[in-house]
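# A look at the structure
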Amino acid sequence: MFRRLHDAAGERVPFTVDGRSAEALAGDTVAAALLANGITVCRNTPVSGAPRSPYCMMGVCFDCLVTIDDVGNRQGCQVRVAPGMRIEIQDGKREIDR
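In this text the structure is predicted, and so the values were computed from the model without any measurement.

A count of helical and extended segments in the protein gives one helix and seven strands. For the protein, the sequential pattern of α-helices and β-strands runs β-β-α-β-β-β-β-β. Its C-alpha radius of gyration of 13 Å places the protein within 12% of the 13 Å reference for a compact globule of 98 residues. Out of the 98 residues in the protein, the part that is buried amounts to 38%. Looking at the protein alone, contacts between residues at least 24 apart form 41% of all its contacts between residues at least 6 apart. Just so you have it, the protein exposes about 6,100 Å², and 51% of that area is on carbon and sulfur atoms. Each charge sign in the protein was given a centre, from 12 positive and 12 negative side chains, and these centres are 4 Å apart.

Below is the structure:
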């Protein structure tokens, strides 16, 4: 469903998702980078465990919450990927110490 345009060019930015290496283009948001890498689930809801994916891509819906560099509940569509960034898929509610 989501794929990068064929002529997209730019500096490659390395990051990790749940410890696995991935790559984005400079300027990509975390949510866009996850989708471009084939990762469609950003978090699982605390009550039912239902998987959630980026939806609005503009900061309104909160479906793209992820843990970024050990800080939970970050909106992936509002944060640009940085070199070496550590992203984790958020499972349930945010941990108390994150």
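In this structure, Asp 63 sits in the loop between β4 (51-52) and β5 (65-68). A polar contact of 3.0 Å, which involves the side chain of Asp 63, links it to the side chain of Arg 52. For Asp 63, the residues in contact, after removing those within four places along its chain, are Cys 42, Arg 43, Arg 52, Ser 53 and Tyr 55.

Tallied over the full model, the rule gives zero disulfides. The structure places no disulfide on Cys 64, whose sulfur is separated from the nearest cysteine sulfur, that of Cys 77, by 3.7 Å. Judged by its relative accessible area of 7%, Cys 77 is buried.

About the thresholds
Residues numbered from 1 in each chain as written. Predicted model: local features only at pLDDT ≥ 70, side-chain atom pairs only at ≥ 80, totals over all residues. Heavy atoms only, no water. Helix = DSSP H or I, 4+ residues; strand = E, 2+ residues; numbered from the N terminus. Rg over C-alpha atoms; globule rule 2.2 N^0.38 Å. Buried < 20%, exposed > 50% of the residue type's maximum accessible area, 1.4 Å probe, protein only. Contact = heavy atoms within 4.5 Å. Areas by Shrake-Rupley, 256 points an atom, 1.4 Å probe, with all protein chains shown as cover. Lys, Arg positive; Asp, Glu negative; His and termini not counted. Charge placed at Lys NZ, Arg CZ, Asp CG, Glu CD. Polar contact = N/O pair within 3.5 Å; in protein donor to acceptor, adjacent residues only side chain to side chain. Disulfide = S-S within 2.5 Å.

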